[in-house]
Amino acid sequence: MILVTGGAGFIGANFVLEWLRVTGEPVVNLDKLTYAGNLANLASLKDDPRHVFVRGDIGDQALVERLLAEHRPRAVLNFAAESHVDRSIHGPGDFIQTNVVGTFRLLESVRGYWESLPAPEKDAFRFLHVSTDEVYGSLGPDDPAFSETTRYAPNSPYAASKAGSDHLARAWHHTYGLPVLTTNCSNNYGPFQFPEKLIPLVILNARAGKPLPVYGDGKNVRDWLYVADHCSAIREVLAKGRVGEVYNIGGNAEKQNIEVVTTLCELLDELAPRPAGRHADLITFVKDRPGHDRRYAIDATKVRRELGWSPAHRFEDALGETVKWYLANDAWVKGVQSGACGKWMDVNYAGRAA
Ligand code: NAD
Ligand code: TYD
């Protein structure tokens, strides 16, 4: 079996669902259930004996050591993190605590377990650390895309905390020999994403006839990847990645934010027309994010060449599927919006008048 951390969040939940569907191998899922963790994401696994959910913190060494001893996983995949840039600007403390200190404690727990394994299990064991392209900083319009050798230059507290966790994972391999794999992925979208991130926020605000907040001039560029493609890349890296290596994962779909928002509005005009007018009428330019990175782009040559992975979904198609998912899953949306979401909207958007 494998142990996944953060498997009640957006990418972790998609990963667990797909993993069980594709491989059938049991999963222990350790998640603290912060505002971003949601058991409704895993509702379809309710009576599935292959999924063991444990509420807890990656930084709780006694708990993690107990889970490792009890379940003896052949791999640990670390998705758990504080993940939203704007929240890291309003309150960086939790990011340092989970992403840096939590990853350190998790690495220590896993190292102790791994060192105690008999030779065949020890050789086969893997620790896969899930990270982001944001550790590389911001690109100019004509710069080459981020490769695995691009210098780290994190700009937000979120990116700096993820960079710190990447360095720890690297050092635990280099110093102790822990069989670490690291993936640095571009922006994801798809089902179960908390509506603080651009794509679900725009879909749900548009549905409610609320303003669609676009930061700055809307020309910041992100490289978008459908979450199922990220999950398939992680499975490939886990199965065939070379120990100690980093793999950049991206969708080859660079878009300006305003293009993404406009495309979402067009999809919604088709799928859920608005009697009062076009959805694009709701677009509102608001005060920019401090230190807002201008452009991210991933060069995914290495993972394609070494592991044969490339994304299976086209941006326009998968974005349409994503819109349909949010329109069809009203109960999930209501559940998420009834929690911490409303307060965050006040914190982040009240001071950003158009
Ligand atoms: P998310 O915020 O949706 O989910 C994070 C999950 O981690 C939640 O379920 C939360 O409860 C859990 N968690 C937080 N702190 C914890 C702790 N101390 N112990 C145990 N569980 C804890 O995030 P996501 O978008 O699913 O991202 C998952 C991972 O992928 C993160 O490491 C993130 O940095 C990385 N990543 C995200 C993206 C993206 O576009 N969302 C892109 C590249 C990489
Ligand atoms: P986000 O989904 O928060 O991901 P990240 O900051 O990790 O890339 O934001 C994606 C882009 O959309 C980013 O350039 C910021 C921008 N953005 C807006 O313009 N308006 C918003 O309300 C949000 C949340 C993001």
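Here's what I pulled together on the structure shown here.

Reading the values: rules and limits
Residues numbered from 1 in each chain as written. Chains lettered and ligands numbered in written order. Predicted model: local features only at pLDDT ≥ 70, side-chain atom pairs only at ≥ 80, totals over all residues. Heavy atoms only, no water. Near = heavy atom within 4 Å. Polar contact = N/O pair within 3.5 Å; in protein donor to acceptor, adjacent residues only side chain to side chain. Helix = DSSP H or I, 4+ residues; strand = E, 2+ residues; numbered from the N terminus. Pairing = 2+ DSSP bridges. Axes fitted to C-alpha atoms, helices over the stretch in contact; angles between N-to-C directions. Contact = heavy atoms within 4.5 Å. Areas by Shrake-Rupley, 256 points an atom, 1.4 Å probe, with all protein chains shown as cover. Nonpolar A, V, L, I, M, F, W, Y, C, P; charged D, E, K, R; others polar. 1 Å grid on protein atoms, 1.4 Å probe; cavity = no way out; pocket = protein on both sides within 12 Å on 5 of 7 lines; lining within 4 Å. Points joined across faces, edges and corners; volume = space filled by probe spheres on them. Core = buried A, V, L, I, M, F, W, Y, C linked by side-chain atoms within 4.5 Å. Buried < 20%, exposed > 50% of the residue type's maximum accessible area, 1.4 Å probe, protein only. Left-handed = near helix turned anticlockwise from the far one by under 90°. Expected span 1.5 Å × (residues − 1). Bend = angle between axes of the 7 residues up to and from the residue.

1. A short note on the site of ligand 2
Next, step 1: Of all residues adjacent to ligand 2, which total 17 residues, the nearest are Glu134, Arg222, Arg289, His292 and Tyr349.
Next, step 2: Here a nitrogen atom of ligand 2 and a backbone polar atom of Pro213 are 2.8 Å apart.
Next, step 3: Between an oxygen atom of ligand 2 and a main-chain N or O atom of Tyr215, the distance comes to 2.8 Å.
Next, step 4: Elements that contribute at least two residues to the shell around ligand 2 include exactly α7 (198–207) and β8 (212–215).
Next, step 5: Looking at which element gives the most residues to the shell around ligand 2, the answer is β8, with three residues.

2. Here's the deal with the sheet that holds strand β5 (residues 126–132)
Next, step 1: What the seven strands build is an open sheet, ordered β3-β2-β1-β4-β5-β6-β11; its pairing is parallel. Taken across any chain shown, the strands that pair with only one partner, and hence form the sheet edges, are β3 (51–55) and β11 (246–249). Neighbouring strand axes in the sheet, compared pairwise and without regard to direction, differ in orientation by 20° on average.
Next, step 2: The sheet contact formed by strand β6 (residues 180–185) and β11 spans four bridges and is parallel. Residue pairing across strands places Cys185 opposite Ile249, the latter belonging to β11.
Next, step 3: Sheet contacts for helix α6 (residues 157–176): β5 and β6; angle to β5, the most-contacted strand, approximately 155°.

3. Some words on the site of ligand 1
Next, step 1: The local shell around ligand 1 holds 28 residues, among which Ile11, Asp31, Ser83, Tyr158 and Lys162 are the closest.
Next, step 2: One of the side-chain nitrogen or oxygen atoms of Tyr158 is found 2.7 Å away from an oxygen atom of ligand 1.
Next, step 3: A distance of 2.6 Å separates an oxygen atom of ligand 1 from a polar side-chain atom of Lys162.
Next, step 4: Here ligand 1 has 840 Å² of accessible area as a free molecule, and 97% of this is covered by the chains.
Next, step 5: The set of elements that each furnish at least two residues to the shell around ligand 1 consists of α1 (10–22), β5 and α6.
Next, step 6: Ranked by residues supplied to the shell around ligand 1, first place goes to β5 with three residues.
Next, step 7: Residue composition of the shell around ligand 1, by class: twelve nonpolar, twelve polar and four charged.

4. Notes on the layout of surface pockets
Next, step 1: For the second largest pocket, the calculated volume is near 510 Å³.
Next, step 2: The wall of the second largest pocket is formed by 25 residues, among which Leu204, Asn205, Ala208, Lys210 and Gln337 lie closest to the centre.
Next, step 3: Looking at the lining of the second largest pocket, the elements with two or more residues in it are α7, β8, β13 (283–286), α11 (315–328) and α12 (330–349).
Next, step 4: Looking at the lining of the second largest pocket residue by residue, the class counts come to 16 nonpolar, four polar and five charged.

5. Details of the nonpolar core
Next, step 1: Core analysis: the largest hydrophobic core is formed by 67 residues, its most contacted members being Phe15 and Leu77.
Next, step 2: Those residues in contact with Leu77, other than ones at most four positions away along the chain, are Ile2, Leu3, Val4, Thr5, Phe15, Leu128, Ile234 and Leu238.
Next, step 3: Core analysis: the next-biggest nonpolar cluster, separate from the first, contains 24 residues, Leu68, Val76, Ala80 and Trp114 among them.

6. Some words on the packing of helix α2 (residues 61–71) against helix α4 (residues 93–115)
Next, step 1: Packing of α2 against α4 leaves a shortest axis separation of 9 Å and a crossing angle of 35°. Crossing of α2 against α4: the hand is right-handed. In this structure, α2 uses Gln61, Val64, Glu65 and Leu68 to contact α4, whose residues at the interface are Arg105, Leu106, Glu108, Ser109, Val110 and Tyr113.
Next, step 2: The residue inventory of the contact of α2 with α4, partitioned by class, reads five nonpolar, two polar and three charged.

7. Comments concerning α12
Next, step 1: With 20 residues, α12 should cover 28 Å at 1.5 Å per step; its first-to-last C-alpha distance of 24 Å lies more than 12% under that length.
Next, step 2: Remark: the principal bend of α12, roughly 60°, maps to Ala340.
Next, step 3: Listed in full, the buried residues belonging to α12 are Trp332, Val333, Val336, Cys341, Trp344, Asn348 and Tyr349.
Next, step 4: Buried-residue contacts for α12 involve α3 (85–90), α7, β8 and α11.

8. Quick word on the pairing of strand β2 (residues 27–31)
Next, step 1: A large share of β2 lies buried, amounting to five of its five residues.
Next, step 2: Residues Val27, Asn29 and Asp31 of β2 are buried on one face, and the alternating residues Val28 and Leu30, pointing to the opposite face, are buried as well.
Next, step 3: Relative to β2, strand β1 (residues 2–5) runs parallel, the two being bridged by four bridges. The partner of Leu3 across the bridge, within β2, is Val28.
Next, step 4: As paired strands, β2 and β3 are joined by five bridges and run parallel to one another. By the bridge assignment, Val28 is partnered in β3 with Val52.

Interpretation in functional terms is not warranted from these geometric data alone.
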